[in-house]
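As a plain string of letters, each chain reads:
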Amino acid sequence: MRHVIILRCAGLAALLLATPAVAQEPIHLTVKDHHFTPDHVNVPAGQRFLISLTNQDDTTDEFESYDLKFEKIVVPGGTITVHAGPLHPGTYKFFDDYHPDQATGTVTATQEP
(Lines give C-alpha, C1' and ligand atoms only; values in the text may rest on other atoms or scores of the structure.)
Protein backbone atom coordinates (compact mmCIF):
# COMPACT_ATOMS: atom_id res chain seq x y z
CA MET A 1 0.00 0.00 0.00
CA ARG A 2 2.80 2.40 0.89
CA HIS A 3 4.44 1.79 -2.50
CA VAL A 4 1.17 2.62 -4.27
CA ILE A 5 0.87 5.94 -2.42
CA ILE A 6 4.50 6.83 -3.21
CA LEU A 7 3.99 5.98 -6.89
CA ARG A 8 0.78 8.04 -7.06
CA CYS A 9 2.50 11.03 -5.43
CA ALA A 10 5.46 10.70 -7.81
CA GLY A 11 3.08 10.54 -10.78
CA LEU A 12 1.18 13.62 -9.59
CA ALA A 13 4.43 15.54 -9.08
CA ALA A 14 5.60 14.63 -12.60
CA LEU A 15 2.28 15.78 -14.05
CA LEU A 16 2.44 19.11 -12.21
CA LEU A 17 6.01 19.71 -13.35
CA ALA A 18 5.12 18.90 -16.96
CA THR A 19 2.15 21.31 -17.03
CA PRO A 20 3.20 24.78 -18.24
CA ALA A 21 2.51 27.61 -15.82
CA VAL A 22 -0.18 30.18 -16.58
CA ALA A 23 0.77 33.85 -16.42
CA GLN A 24 -0.88 35.52 -13.42
CA GLU A 25 -2.65 38.50 -14.99
CA PRO A 26 -4.55 38.39 -18.28
CA ILE A 27 -3.34 40.60 -21.10
CA HIS A 28 -6.04 43.24 -21.64
CA LEU A 29 -6.80 44.36 -25.20
CA THR A 30 -9.54 46.54 -26.63
CA VAL A 31 -10.79 46.80 -30.18
CA LYS A 32 -12.12 50.22 -31.13
CA ASP A 33 -12.60 51.73 -34.58
CA HIS A 34 -11.46 48.31 -35.85
CA HIS A 35 -7.98 48.61 -34.28
CA PHE A 36 -6.48 46.70 -31.35
CA THR A 37 -4.97 48.56 -28.40
CA PRO A 38 -2.30 47.58 -27.70
CA ASP A 39 -1.57 45.97 -31.06
CA HIS A 40 1.57 44.23 -29.81
CA VAL A 41 2.20 42.36 -26.56
CA ASN A 42 5.11 40.37 -25.13
CA VAL A 43 4.74 37.11 -23.23
CA PRO A 44 7.27 34.69 -21.74
CA ALA A 45 7.96 31.66 -23.95
CA GLY A 46 6.91 28.31 -22.52
CA GLN A 47 4.00 29.62 -20.43
CA ARG A 48 0.25 29.60 -20.97
CA PHE A 49 -1.43 33.00 -20.82
CA LEU A 50 -4.84 34.65 -21.08
CA ILE A 51 -5.94 37.46 -23.38
CA SER A 52 -9.00 39.47 -22.40
CA LEU A 53 -10.52 41.46 -25.28
CA THR A 54 -13.20 44.14 -24.88
CA ASN A 55 -15.09 45.24 -28.00
CA GLN A 56 -15.69 49.00 -28.00
CA ASP A 57 -16.94 48.96 -31.62
CA ASP A 58 -20.60 49.21 -32.61
CA THR A 59 -20.26 45.98 -34.59
CA THR A 60 -19.49 42.36 -33.76
CA ASP A 61 -15.83 41.36 -34.16
CA GLU A 62 -14.15 37.98 -34.49
CA PHE A 63 -10.88 37.69 -32.55
CA GLU A 64 -8.83 35.12 -34.43
CA SER A 65 -5.31 33.76 -34.77
CA TYR A 66 -4.17 30.90 -36.97
CA ASP A 67 -0.78 31.04 -35.20
CA LEU A 68 -2.24 30.92 -31.66
CA LYS A 69 -5.10 28.59 -32.64
CA PHE A 70 -8.15 30.49 -31.42
CA GLU A 71 -11.27 32.05 -32.92
CA LYS A 72 -13.89 33.79 -30.82
CA ILE A 73 -16.80 36.16 -31.47
CA VAL A 74 -17.06 39.31 -29.32
CA VAL A 75 -20.28 41.33 -29.46
CA PRO A 76 -20.41 45.14 -29.17
CA GLY A 77 -19.67 46.12 -25.57
CA GLY A 78 -18.71 42.52 -24.74
CA THR A 79 -15.53 41.04 -23.29
CA ILE A 80 -14.11 37.60 -24.07
CA THR A 81 -11.11 35.68 -22.77
CA VAL A 82 -8.95 33.27 -24.73
CA HIS A 83 -6.28 30.87 -23.49
CA ALA A 84 -3.06 30.62 -25.48
CA GLY A 85 0.40 29.10 -25.29
CA PRO A 86 2.74 27.78 -24.28
CA LEU A 87 4.68 29.28 -27.19
CA HIS A 88 8.15 28.84 -28.60
CA PRO A 89 10.10 32.10 -28.92
CA GLY A 90 8.82 34.07 -31.91
CA THR A 91 6.12 36.42 -33.14
CA TYR A 92 2.51 35.30 -33.64
CA LYS A 93 -0.25 37.21 -35.46
CA PHE A 94 -3.88 37.86 -34.46
CA PHE A 95 -6.65 39.77 -36.25
CA ASP A 96 -10.34 40.61 -36.46
CA ASP A 97 -11.64 38.26 -39.15
CA TYR A 98 -14.43 40.73 -40.01
CA HIS A 99 -11.92 43.59 -40.54
CA PRO A 100 -8.62 41.81 -41.35
CA ASP A 101 -7.05 44.79 -43.13
CA GLN A 102 -7.60 47.13 -40.17
CA ALA A 103 -7.56 45.16 -36.92
CA THR A 104 -4.29 43.26 -36.64
CA GLY A 105 -1.75 42.64 -33.92
CA THR A 106 1.06 40.43 -32.71
CA VAL A 107 2.20 38.51 -29.66
CA THR A 108 5.93 38.03 -29.20
CA ALA A 109 7.12 35.17 -26.98
CA THR A 110 10.58 35.71 -25.56
CA GLN A 111 12.82 33.37 -23.61
CA GLU A 112 13.49 34.71 -20.13
CA PRO A 113 17.18 34.68 -19.15
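Residues numbered from 1 in each chain as written. Predicted model: local features only at pLDDT ≥ 70, side-chain atom pairs only at ≥ 80, totals over all residues. Heavy atoms only, no water.

Novice: For this particular structure, what's the right way to read the sheet that holds strand S4 (residues 49-55)?
Specialist: Strand pairing in a sheet relies on backbone hydrogen bonds, with the paired strands running either antiparallel or parallel. Spatial ordering of the open sheet is given by S2-S1-S4-S7, a layout of 4 strands whose pairing is mixed. A strand with exactly one partner marks an edge of an open sheet, and here the two such strands are strand S2 (35-37) and strand S7 (79-84). On average, each strand axis in the sheet is inclined to that of its neighbour by 25°, with strand direction left out of account. Of the pairings in the sheet, the one linking S4 to S7 comprises 6 bridges and is antiparallel in character. Bridging across to S7, Thr 54 finds its partner in Thr 79. (Pairing = 2+ DSSP bridges. Helix = DSSP H or I, 4+ residues; strand = E, 2+ residues; numbered from the N terminus. Axes fitted to C-alpha atoms, helices over the stretch in contact; angles between N-to-C directions.)

Novice: What exactly am I supposed to notice about the side chain of Asn 55 here?
Specialist: By the secondary structure assignment, Asn 55 is in strand S4. With a relative accessible area of 1%, Asn 55 lands in the buried category. When residues no more than four places from it in sequence are discounted, the contact partners of Asn 55 are Val 31, Thr 60, Asp 61, Val 74, Val 75, Pro 76, Gly 77 and Gly 78. (Buried < 20%, exposed > 50% of the residue type's maximum accessible area, 1.4 Å probe, protein only. Contact = heavy atoms within 4.5 Å.)

Novice: I tried to follow the packing of aromatic side chains on my own but got confused; where do I start?
Specialist: Each aromatic ring pair is described using two quantities: the centre-to-centre distance and the angle formed by the ring planes. One pass over the structure, following the stated rule, counts 5 aromatic pairs. Measuring from centroid to centroid gives 5.6 Å for Phe 36 and Phe 63, while their planes differ by 50°, and the two rings are tilted. Placement of Phe 36 in strand S2 and of Phe 63 in strand S5 (residues 61-65) is noted, with a sequence separation of 27 residues between them. Here Phe 36 matches Phe 63 in class, with each residue buried. (Phe/Tyr/Trp six-rings, centres within 6.5 Å; stacked < 30°, edge-to-face > 60°.)

Limitation: the analysis is restricted to geometry and does not speak to function.
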